[in-house]
Amino acid sequence: MADMLTYTLEPHTAVPLYEQLIRRIKEDISSGALRPGEKLPSKRNLAGNLGVSTITVETAYQQLTAEGYITSAPRRGYFVSDIRSFLPAVNTCPSGDKRHKQENALSPSEELPGIETSGPKYRMDFAGGETSSENFPFTIWAKLSREVLSGEPSRLLSTSPGIGIPDLREAISAHLMSFRGIHCDPENIVVGAGTEYLYGLLIQLLGFDRIYGVEDPGYRKISRVYRSYGVQCRYLPLDLLGKDATILETTGTDVLHISPSHHFPTGRIMPIRERNQLLQWAAEGNRTIIEDDYDSEFRMVGQPIPSLYESDPYGRVIYMNTFTKTLASTVRISYMVLPDQLMQKLKEQLSFYSCTVSNFEQYTLARFLQGGHFERHLNRMRNYYRSKRNRILQILADSSLASGMRIREEDAGLHFLMELDLGMTDDEFRNACAEDGIRINPLSQYYHDPASAPQHIFVINYSSLDEEMLPEAAERMAKALKI
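Caption draft 1: Seen up close, the pairing of strand β10 (residues 334–337). By the alternation rule, side chains of β10 split into Ser334 and Met336 and Tyr335 and Val337, which are all buried. Taken together, the 4 bridges between strand β9 (residues 317–322) and β10 define a ladder with antiparallel strand orientation. Bridge pairing in β10 links methionine 320 to methionine 336.

Caption draft 2: Examining the side chain of glutamate 38 more closely. Among the secondary structure elements, glutamate 38 is positioned in the loop between α1 (17–31) and α2 (43–50). The class for glutamate 38 is buried, based on a relative accessible area of 12%. Within polar-contact distance, the side chain of glutamate 38 engages the backbone nitrogen of arginine 35 at 2.6 Å.

Caption draft 3: Expanded view of the side chain of serine 160. Examined against the element boundaries, serine 160 turns out to sit in the loop between α5 (153–156) and α6 (166–180). Residue contacts for serine 160: discarding those within four places in its chain leaves Ile165, Cys355, Asn359 and Gln362.

Caption draft 4: Quick look at the environment of tyrosine 385. With respect to the helices and strands, tyrosine 385 occurs in helix α15 (residues 373–397). With a relative accessible area of 1%, tyrosine 385 lands in the buried category. Separated by 77 residues in sequence, tyrosine 385 and tyrosine 462 place their C-alpha atoms 8.6 Å apart.

Caption draft 5: The arrangement of the confidence of the model for the protein chain in detail. Put simply, the protein chain has an average pLDDT of 85, and 90% of its residues get 70 or more. Predicted confidence for residues 86–119 stays below pLDDT 50, and this span has 96 contacts to residues more than four positions away or in other chains.

Caption draft 6: How the structure looks around empty space enclosed by the protein. Size it by volume and the largest cavity reaches roughly 50 Å³. For the largest cavity, the lining is made up of 10 residues, of which Ser261, His262, Asp295, Ser296 and Arg299 are closest to its centre. Per-class residue counts for the lining of the largest cavity are 4 nonpolar, 4 polar and 2 charged. Considering only enclosed or pocket space, the second largest cavity measures out at about 40 Å³ in volume. What lines the second largest cavity is simply Glu215, Leu238, Leu241, Ser259, Pro260, His263, Arg268 and Met270. In the lining of the second largest cavity, the residues fall into 4 nonpolar, 2 polar and 2 charged.

Caption draft 7: Layout of the packing of helix α7 (residues 195–206) against helix α8 (residues 220–228). Here α7 crosses α8 at 45°, and the two axes come no closer than 10 Å. Judged by the angle between their axes, α7 and α8 are oblique. In this structure, the crossing between α7 and α8 has a hand that is right-handed. Here Glu196, Tyr199 and Ile203 of α7 come into contact with α8, specifically with Lys221, Ile222, Val225 and Tyr226. Of the residues contributing to the contact of α7 with α8, the split by class is 5 nonpolar, no polar and 2 charged.

What counts and what doesn't
For every chain, the first residue of the written sequence is number 1, and numbering continues from 1 along that sequence. Given that this is a predicted model, residues contribute local features only at a pLDDT of at least 70 and side-chain atom pairs are listed and counted only at 80 or more, while totals for whole chains, interfaces and linings are drawn from all residues. Here the side-chain values reflect all heavy atoms present in the structure, with hydrogen atoms and water set aside. Partly exposed residues are those whose accessible area sits between 20% and 50% of the maximum for their type, while under 20% is buried and over 50% is exposed, using a 1.4 Å probe and protein chains only. By the criteria applied, helices consist of DSSP H or I runs no shorter than four residues and strands consist of E runs no shorter than two, each listed in order from the N terminus. Any two strands with at least two DSSP-identified bridges between them are counted as paired. In protein, a polar contact means a hydrogen-donor-capable atom and an acceptor-capable atom, both N or O and within 3.5 Å, with residues adjacent in sequence counting only if both atoms are side-chain atoms; elsewhere, any N or O pair within 3.5 Å suffices. By the convention used here, residues are in contact when the closest approach between their heavy atoms is within 4.5 Å. The predictor attaches a confidence to each residue, and that confidence, scored 0 to 100, is pLDDT. Throughout, the protein atoms alone are placed on a 1 Å grid, and a set of points is a cavity if a 1.4 Å probe fits but cannot get out or a pocket if it is open with protein on both sides within 12 Å along at least five of seven lines; lining residues have an atom within 4 Å of a point. Grid points are joined across faces, edges and corners, and a volume is the space filled by probe spheres set on the points. Residue polarity follows a fixed list, in which Ala, Val, Leu, Ile, Met, Phe, Trp, Tyr, Cys and Pro are nonpolar, Asp, Glu, Lys and Arg are charged, and the others, Gly among them, are polar. Inter-axis angles, ranging from 0 to 180 degrees, are taken between N-to-C directions of lines fitted to C-alpha atoms, where helices are fitted over the stretch in contact. Working rule for angles: under 35 degrees goes down as roughly parallel, over 145 as roughly antiparallel, 65 to 115 as roughly perpendicular, anything else as oblique. Crossing handedness: left-handed means the near helix sits turned counterclockwise from the far one by under a right angle, and right-handed means the same turn made clockwise.

Below, the structure written as structure tokens:
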């Protein structure tokens, strides 16, 4: 067991005590002062030794567990993970990289991933991912739109740079710094109407002869977009990504598209050890990683998971995100952050492209970000969805489904997994629900080979669920199970 940890924490600073504790423990794990397998002090003992509350230690342990630095064993305590970083100690960014590290910095993307939503209307749809119109900040958006129309008339009709107007790129850069701890030059940001458009740019930039790897299970539209461009696509099991990167090399993958901070549909967070392996894999083989930061804004417990982009000292990671989930399903404004080398290549080879987002939308969104409205909107939406999720979980717990139901991965994003004890196949249950007006998709449908996937687990998207109808829907599902 590790000796009692003794750190000096500063209570009168802007950095919360739990964040200070997280950083100090990370430093000791990374330096080897805390060795793999060592047991950490109990929450109560460490709190007493440091003179802080047990909640402070518990919050720090939870975040460290989520990021993969430590593991939790029921009734045994917390233990140091074997992160065995495959990266050299790099304290500065590579030559030419405009990002800068800060000592105190802690530190996919389009519509909610799912099966296509065309088809019949359902009484209750657990597969849809639309945002509710009642949550869109219409009043503020309308006010800002009027300001843009009256204050930006000449710029509205001017041709904008192909990568997006400077105002919006600067606002996105500031947001990434404050919310995700990502340091990026606005000149490295590319704005586009939807991530599908940005995927197309990347394929032209990275090459049609490259092999693109996608997560299995995963958001099926990603592989479809790649295949529509005629490039080779590999389906990579999640457990493959967590093993020695030499196994990944055997697939021939050149470009890896992943969502490490919150995977859809499993909800998995990639541990620090696996992240380091992938960064080393990319650097050694002149490969590229596309980090799809889907749903990162809606982590309900703890801090946002540090981005892979900010952890990359080699300039091999492309960061992607969108405003579709945070604002509205129909707001088709996405962006990516390119490393310097790729940004220069884009300017040299693809500068003839025009920006696919209108100036009017760009200037309005820029003002929304600059005025602090987006940050307040996110805080409001996190509280809203957290409360909604809790109410939905309570309704399910009070239903006839409860005796044969287990909920998983409910602490992040706008979906969770529901495992059911079924006396039938997943397809039989899904069809029985559909006949009763309920749409629900099994986890297996997100696998390249559904037959070999885990069974009896269902993906519950709750952003657009009607809570008033949920009790009836739960009883209808119980009826389909013959409970």
